[in-house]
Amino acid sequence: MQLTLNVLVAASTLALMAVGFGLIFSTTRFFHFAHAVVYTGAAYLTYCGSVQLGLPLVIAVLLGVAGGVCLGGLMEVGLYRPMRGRSASALTLLIASLGTYVVLQNLVSMTWGDDVRMLQSSTVREGIEILGGRITPTSVLAIAVCVALLAVVTLVLRRTGLGRAMRAVADDAELARIRGIRADRVILATFAIGSALAAVAGILVALDVNMRPTMGMNALMLAIVAVIIGGVSSIGGIALGSLFLAAAQQVAIWQLGSQWQDAVAFAILLVFLLARPQGLFGKPLRKVAV
Amino acid sequence: METLCCESLSKSFDGVQALEKVGVCFPTSGIAAVIGPNGAGKTTLINVLTGFLRPEAGRCLFGNREITRLAPHRIARLGIARTFQDLRLIQQVSVLDNVMLARPNQRGERLLPALLRFGVAEEETRNREEAMRTLRFVGLEEKASDPAGELSYGQQKLLTLACCLATEARVLLLDEPVAGVHPEMVEQILGLLRRLRDEGKLIVFIEHDIAAVRQVADVVIVMDNGQVIAQGPPSEVLERPEIMEAYVG
């Protein structure tokens, strides 16, 4: 039971990060590596609000999420959109994104230092017992928030014009524009939703464990593996991919030791890239320009 | 009603003159067919009129407004819709969603209304009803929930027409709407064009099928080597032996 609980906790924040990344990737077709710094930045902004400024935790969390959304939105408006306007390739956007990640991650290090920081006091608290396993209240919150947010995002994608427009821009941005869809606004909305999910994931991990300036890139790499396992075009698939990856990592920790968890994750990635690159539930991607 | 005109349009590709001082004024409504051999400049003319290509010289006017350098989506918003020879559709979504996407001014495509659902549900219902009406008009009502990519070629042609109609455009520029289509569906598409003409729309269509042109066109414009070489009623233009022989075959 403890293993199951550990898997659910690890999968929940991973799924939030992965769905956020997957949404942005499926709409824009480039690897938004700076997504990692949205995850980190939101956690540190929450730390700043709660620990350094003494704000109530709920306010600090809202500040962190809002900061993450603004950060992702600013990258799209200030960097990617002008580059797309000059017909930049997906590779050029990826390199710009990596550069942005390095600059902003260094900024976090310069501002808050490289030491591990805690959002909550380090006192060990007794977890809640569920069917013989133990789980912290923050972990329960993480699972509940993950389920709720993924349900909301699924509803938005399936039941609103925005979801339809996002699929249209992903499929053929030029045709979407001709049909009267404001593609840039749709892409900005995608960045806002994806960044909000990454921000919440970063804050939940910081609340449950701790934070350090490089936490975002570790989370992003695993999120990319989960997206490839699940398939880019399906939120349910990405969520299941996250669950599968978290399960594999937890079993690796249990059987082989924690140092093997990343090796197992990337071995699974290689298997999928070779055998089923579209993932378990995805469709083969077409090359498009946005 | 605005008139769609172009004056002295010139466009070349790598030294090949695709359009050379083309000047055409389409009627405010009715059906105008653009014919001519391959490479005559027909699709280039439509691409320039809809903002996909910028001419090297000349200008396009819609009423009193110059549209020569407007982006394609801005021209679409003025009420000029187009289809493509290669049937561009949003493959990832259903037939109904393709038509709904083309509906203008949707609040539900913005982030906050989509998240908070302010008035979006009613707008969705209204758009769905309008889209279904359009699908009924073109005869694709029963295919509404099918993925667009799974329709037959002829049905995809009908869907591109439905998408144009959903934009509420008054001017439709159709690139070979009946080419490669089953004869029964050709009749169906030509019937739809007649009905749209009767509703006051202007339909400009490029076509190689002279029988189809004879059936529906009010005006025929003949192009060759990037120039307009004849225009007028089909009964007059299509009877000229030199045109039929040299440019149509």
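A quick note: this is a predicted structure, and the numbers were derived from the prediction, not measured.

(A) A look at the sheet that holds strand E5 (residues 65-66) of chain B. Residues and elements named next belong to chain B. The strand order across the open sheet built from four strands is E2-E1-E4-E5, with neighbouring strands paired in antiparallel fashion. Each edge of the open sheet carries a strand with a single partner, namely strand E2 (16-25) and E5. Bridge count for strand E1 (residues 4-13) against E2 is six bridges, and the pairing is antiparallel. Across the sheet, the residue bridging to cysteine 6 is valine 24, located in E2. Relative to the sheet, helix H1 (residues 42-49) contacts E1, E2 and strand E4 (57-62), its axis offset from that of E1 by approximately 115°.

(B) Quick peek at the interface of chain B and chain A. If you look at the interface, chain B gives 27 residues, while chain A gives 27 residues. On the chain B side of the interface with chain A, the three residues burying the most area are Arg88, Gln92 and Glu109 of chain B, jointly 24% of the side's total. The interface formed by chain B and chain A holds five salt bridges in total. Taking the shortest distance from any N to any O, the salt bridge between arginine 164 of chain A and glutamate 124 of chain B comes out at 2.8 Å. Summed over the shared surface of chain B and chain A, the number is four residue pairs in polar contact (both at pLDDT 80 or more). For the side of chain B that touches chain A, the secondary-structure elements that each account for two or more residues are helix H2 (72-77), helix H3 (95-101) and helix H4 (111-116) of chain B. The element best represented in the side of chain B that touches chain A is H2 of chain B, accounting for four residues.

(C) Geometry of the packing of aromatic side chains. By the definition in use, this model includes nine aromatic pairs over all chains. Each ring, one from phenylalanine 21 of chain A and one from phenylalanine 25 of chain A, has its centre 6.3 Å from the other, and the planes form 10°; the classification is stacked. Residue phenylalanine 21 of chain A and its partner phenylalanine 25 of chain A are both found in helix H1 (residues 2-28); the two are separated by four residues, about one turn of the helix. Across this residue pair, the class does not change: phenylalanine 21 of chain A and phenylalanine 25 of chain A are buried. Geometrically, the ring pair formed by tyrosine 44 of chain A and tryptophan 112 of chain A is tilted, given 5.2 Å between the ring centres and 40° between the ring planes. Of the two residues, tyrosine 44 of chain A is situated in helix H2 (residues 35-52) and tryptophan 112 of chain A in helix H4 (residues 90-112); the sequence distance between them amounts to 68 residues. With respect to class, tyrosine 44 of chain A is no different from tryptophan 112 of chain A; both count as buried. Chaining the aromatic ring pairs together yields one cluster made of Phe21, Phe25, Phe31 and Phe33 of chain A. In this structure, arginine 82 of chain B packs its charged tip against the face of phenylalanine 52 of chain B, placed 4.8 Å from the ring centre.

(D) Inspection of the pairing of strand E7 (residues 171-175) of chain B at higher detail. Residue and element names in this part refer to chain B. Along E7, five of the five residues are buried, which leaves the element largely enclosed by surrounding structure. In E7, alternate side chains face the same way, and those of Val171, Leu173 and Asp175 on one face and Leu172 and Leu174 on the other are all buried. In this structure, strand E6 (residues 80-82) lies alongside E7, joined through three bridges in parallel fashion. Paired with isoleucine 80 across the bridge in E7 is valine 171. Inspection of the sheet shows E7 paired to strand E8 (residues 202-206) by five bridges, in the parallel sense. Paired with leucine 173 across the bridge in E8 is valine 204. Read from E7 through helix H7 (residues 183-198) to E8, the crossover connection turns out right-handed.

(E) A look at the sheet that holds E6 of chain B. All names here are of chain B. The strand order across the open sheet formed by six strands is E6-E7-E8-E3-E9-E10, and the pairing between neighbours is mixed. On the outer flanks of this sheet lie E6 and strand E10 (227-232), each paired with one strand and no other. Sheet twist, expressed as the average angle between the axes of neighbouring strands with direction ignored, equals 20°. Sheet strands touched by helix H6 (residues 153-166): E6 and E7. Its angle to E7, the strand with the most contacts, is close to 160°. Of the strands in this sheet, strand E3 (30-35), E7 and E8 touch H7, which is tilted by about 130° from E3.

(F) Representation of the nonpolar core in the model. All names here are of chain A. Ranked by internal contacts, the top residues of the largest apolar core, which has 93 residues, are Leu16, Leu23, Val169, Ile181, Met211, Leu220 and Leu245. The biggest single contributor to this core is helix H8 (residues 183-208), with 16 residues. Ignoring anything within four residues of it in the chain, the contact list for leucine 16 reads Cys146, Leu149, Leu150, Leu197, Val200, Ala201 and Leu204.

(G) How the structure looks around the pattern of salt bridges. This model, assessed by the stated rule, comprises 18 salt bridges over all chains. Arginine 84 of chain A serves as the salt-bridge partner of aspartate 184 of chain A, at 3.3 Å between the closest nitrogen and oxygen. Placement of aspartate 184 of chain A in helix H8 and of arginine 84 of chain A in helix H3 (residues 57-85) is noted, with a sequence separation of 100 residues between them. Measuring nitrogen to oxygen at the nearest pair gives 3.8 Å for the salt bridge that ties arginine 164 of chain A to aspartate 97 of chain B. Of this pair, arginine 164 of chain A sits in helix H6 (residues 161-171) while aspartate 97 of chain B sits in helix H3, which puts the two residues in different chains. Of the two residues examined, arginine 164 of chain A and aspartate 97 of chain B, each falls in the buried class. One salt-bridge network, in which partners are shared between bridges, spans Glu76, Arg81, Arg84, Arg177 and Asp184 of chain A.

About the criteria used
The residue numbers shown here count from 1 along each chain, following its written sequence. Note on labels: chains are lettered from A, ligands numbered from 1, in written order. Local features in a predicted model are, by the rule used here, given only for residues with pLDDT of at least 70; side-chain atom pairs are given and counted only at 80 or more, and totals for whole chains, interfaces and linings are based on all residues. To get the side-chain values, all heavy atoms of the structure are used, and hydrogens and water are removed first. Strand pairing is assigned whenever DSSP identifies at least 2 bridges connecting the two strands. Strands here mean DSSP runs of E at least two residues long; helices mean DSSP runs of H or I at least four residues long; both are numbered from the N terminus. Residue contacts are defined here by distance: any two heavy atoms, one from each residue, within 4.5 Å place the two residues in contact. Between the N-to-C directions of two axes lies an angle of 0 to 180 degrees, each axis being a line fitted to C-alpha atoms and, for a helix, fitted only over the stretch in contact. Note on terms: buried area is the combined drop in 1.4 Å-probe accessible area of two parts once they are placed together, counting the loss on both. Salt bridge, as used here, is a side-chain nitrogen of Lys or Arg placed within 4 Å of a carboxyl oxygen of Asp or Glu. For this analysis, a polar contact is any N or O atom pair within 3.5 Å, provided that within protein one partner can donate a hydrogen and the other can accept it, and provided that sequence-adjacent residues contribute only side-chain to side-chain pairs. Ring pairs shown here join Phe, Tyr and Trp side chains whose ring centres sit within 6.5 Å, with only the six-membered ring taken for Trp; geometry is labelled stacked below 30 degrees between planes, edge-to-face above 60, and tilted in between. Three labels apply to residues, based on accessible area from a 1.4 Å probe with only protein chains included: buried if under 20% of the type maximum, exposed if over 50%, partly exposed otherwise in between. Working rule: Lys NZ or Arg CZ, within 6 Å of ring centre, within 35 degrees of ring normal, means a charge sits over the ring. When the strands point away from the viewer and the path from the first strand over the helix to the second turns clockwise, the crossover is right-handed. Within this scheme, the nonpolar core is defined by two criteria: the residues are buried Ala, Val, Leu, Ile, Met, Phe, Trp, Tyr or Cys, and they are joined through side-chain atoms within 4.5 Å.

By themselves, these observations are geometric and do not establish any function.
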